[in-house]
Amino acid sequence: MADYLWSVGSPLRKAFVPGRQGVLSGEAGVFLAELTGFSLVQVMARRGRWADTAKAAKTHYGVAAPDRPTALFGKQATLVWSGPDQFFALTSADGLADPLAPLRGVFAGIASLSDQSGGRCLIRISGARVRDALAKVSSLDFHDTAFPVGTAAATSIDHTNVGLWRAADAADGSPVYHLLVFTSFADSLWHTILDAAAEYGVDASRAGVFA
Amino acid sequence: MRIACPFCGERELGEFTYLGDAAPKRPAGFAADGGELPSAQDDFFDYVYLRDNLAGDMTEHWYHGGGCRSWLAVTRSTTTHEIKAVRPAPGAGASRAG
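The following refers to the structure shown. Worth saying up front: this structure is predicted, and the values here are computed from it rather than measured.

Our next topic: the interface of chain A and chain B. Across the contact, 17 residues belong to chain A and 15 residues belong to chain B. Mapped onto the side of chain A that touches chain B, the elements with two or more residues apiece are strand S3 (38-45) and strand S9 (152-157) of chain A. Of all the elements, S9(A) adds the most residues to the side of chain A that touches chain B, at four residues. For the side of chain A that touches chain B, a count of residues per class yields seven nonpolar, six polar and four charged.

Next comes the structure, spelled out in structure tokens:
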């Protein structure tokens, strides 16, 4: 049997162009970044075992498991609500180690685990005009009072399912959002956001997930 | 039209998929359930094909596939589209039994 060599590539290899795009004058209003170097595990509680799952998550990650649409930021992991009785655990990873290995014992018998590290693309969108850009593609209310730091949502952008949450504000006080999208839809979503943000000036880059 | 998902909050219609009347219950007595009752054929014909065409409040199954991927039971007036209640369908969310 012939060996197949798997090579790791960015899900945005077609769409991603680094640097300044859209309107070129003035400061970029929107910063887009593909975040790399993460592992992502979906944890889904088995029927009637949510309380046990939440307790195990708290012990393992040091941060409570989200039981409503929120993202909770721990030292080692970010836990993001993805639906009733389920969440994503986002951790930093720089190798190809199996992210499920340390979790199997933690959630044995109470939750089902699914490694989504290679299945999702993580995009960070920020900047002074980020809300204006997102308003064109999302039906959610991103006002500070409706969507404060730590709010998460499972929603659709351009008919594409996304997991979305608001992280801590940038140094200049502008909001920062993270988007998780299926890898095969990532190019398309990137183009959509780029088009929506072009009039504000876009700066595209790649960065480490917890950098 | 907007639907207030009990898990996500108020969302636009485009995130949801319509299934239909939530009232029909799968009849018992089919061969696969162990022994066919004489009434099973008629009961299943009714369950699979026959639907009431209500003018007024109707409880329907909707799927929040563009969001939290939960099945919901939505009570909606078929004449005004006013939504009167939204609750998780039985079995939605692992913490709920059934």
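The structure having been displayed, the exposition proceeds.
Moving on, we get to the nonpolar core. Residue and element names in this part refer to chain A. If you look at the biggest cluster of nonpolar residues, it comprises 68 residues, and the most contacted ones within it are Val30, Leu32, Leu79, Val80 and Ala89. Considering every element that reaches this core, the biggest residue donor is helix H3 (residues 183-197), with six residues. Here this core gathers at least three residues from each of two domains, domain 1 (19-36 + 119-208) and domain 2 (40-115). The contact partners of Leu79, leaving out residues within four places of it in the chain, are Ala57, Tyr61, Val63, Ala65, Pro66, Ala71, Leu72, Gly74, Phe87 and Ala89.

Turning our attention to the pairing of strand S10 (residues 160-167) of chain A. Along any regular strand the residues' side chains alternate between the sheet's two faces. Residues and elements named next belong to chain A. Of the pairings in the sheet, the one linking S9 to S10 comprises six bridges and is antiparallel in character. By the bridge assignment for S10, Thr155 is matched with Val162. Hairpin connection between S9 and S10: a loop of two residues separates the two successive antiparallel strands, and Asp158 in this loop has a positive phi of roughly 55°. In this sheet, strand S11 (residues 176-182) lies alongside S10 in antiparallel orientation, the contact comprising six bridges. The residue of S11 that forms the bridge with Arg166 is Tyr177.

Cut-off values and rules
Just so you know, the residues in each chain are numbered from 1, in the order the chain's sequence is written. A letter from A marks each chain and a number from 1 marks each ligand, given out in the order of writing. It should be noted that, the model being predicted, local features are given only for residues of pLDDT at least 70 and side-chain atom pairs only at 80 or more, the latter also being counted only at that level, while totals for whole chains, interfaces and linings use all residues. Here, residues touch in the contact sense if the C-beta positions derived from the backbone fall within 7 Å of one another. Secondary structure elements are defined from DSSP: runs of H or I of at least 4 residues count as helices, runs of E of at least 2 residues count as strands, and each element is numbered from the N terminus. Three classes are used, and their members are as follows: Ala, Val, Leu, Ile, Met, Phe, Trp, Tyr, Cys and Pro are nonpolar, Asp, Glu, Lys and Arg are charged, and the others, Gly among them, are polar. A set of buried Ala, Val, Leu, Ile, Met, Phe, Trp, Tyr and Cys residues, joined to one another through C-beta atoms within 7 Å, is what we call a nonpolar core. Every C-beta atom is placed from the backbone, and the number of other C-beta atoms within 10 Å of a residue's own sets its class: buried at 20 or more, exposed at 12 or fewer, partly exposed in between. These domain limits were set by an automatic method or by a database of domain assignments. Any two strands with at least two DSSP-identified bridges between them are counted as paired.

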